[in-house]
Amino acid sequence: MRMSFSLSAHDVVSEETIDEICKIVEQSTFPGDRIDFEITEIAIITDFESVRSSPMRLRARGTFRAR
């Protein structure tokens, strides 16, 4: 089983939100490598540098898989 969540432009440019997501995933019993975060195209257009760093932070914790 996999879980998938959509992240808005606001979510991916907020360091606090990304930290909170990582914390929740780490505290859960659900395997981080089975969670997909979908990032909308508008998020990439809005703030490319912040959007680029967020998946790297999630991936480092095993909580992001590129699609």
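The following refers to the structure shown. (Residues numbered from 1 in each chain as written. Predicted model: local features only at pLDDT ≥ 70, side-chain atom pairs only at ≥ 80, totals over all residues. Heavy atoms only, no water.)

### Here we look at the overall build of the protein
Counting its secondary structure elements, the protein contains 4 helices and 2 strands. Along its sequence from the N terminus, the protein presents helices and strands in the succession β-α-α-β-α-α. Counting the 67 residues in the protein, one finds 28% classified as buried. Counting only contacts in the protein whose residues sit at least 6 apart along the sequence, the fraction spanning at least 24 positions is 79%. (Helix = DSSP H or I, 4+ residues; strand = E, 2+ residues; numbered from the N terminus. Buried < 20%, exposed > 50% of the residue type's maximum accessible area, 1.4 Å probe, protein only. Contact = heavy atoms within 4.5 Å.)

### Describing the pattern of salt bridges
Using the criterion set out here, one finds 2 salt bridges in the structure. The residue K23 makes a salt bridge to E20 at a minimum N-O spacing of 3.9 Å. Of the two residues, K23 and E20 are both situated in helix 2 (residues 15-27); the distance of 3 residues between them amounts to about one turn of the helix. (Salt bridge = Lys/Arg side-chain N within 4 Å of Asp/Glu carboxyl O.)

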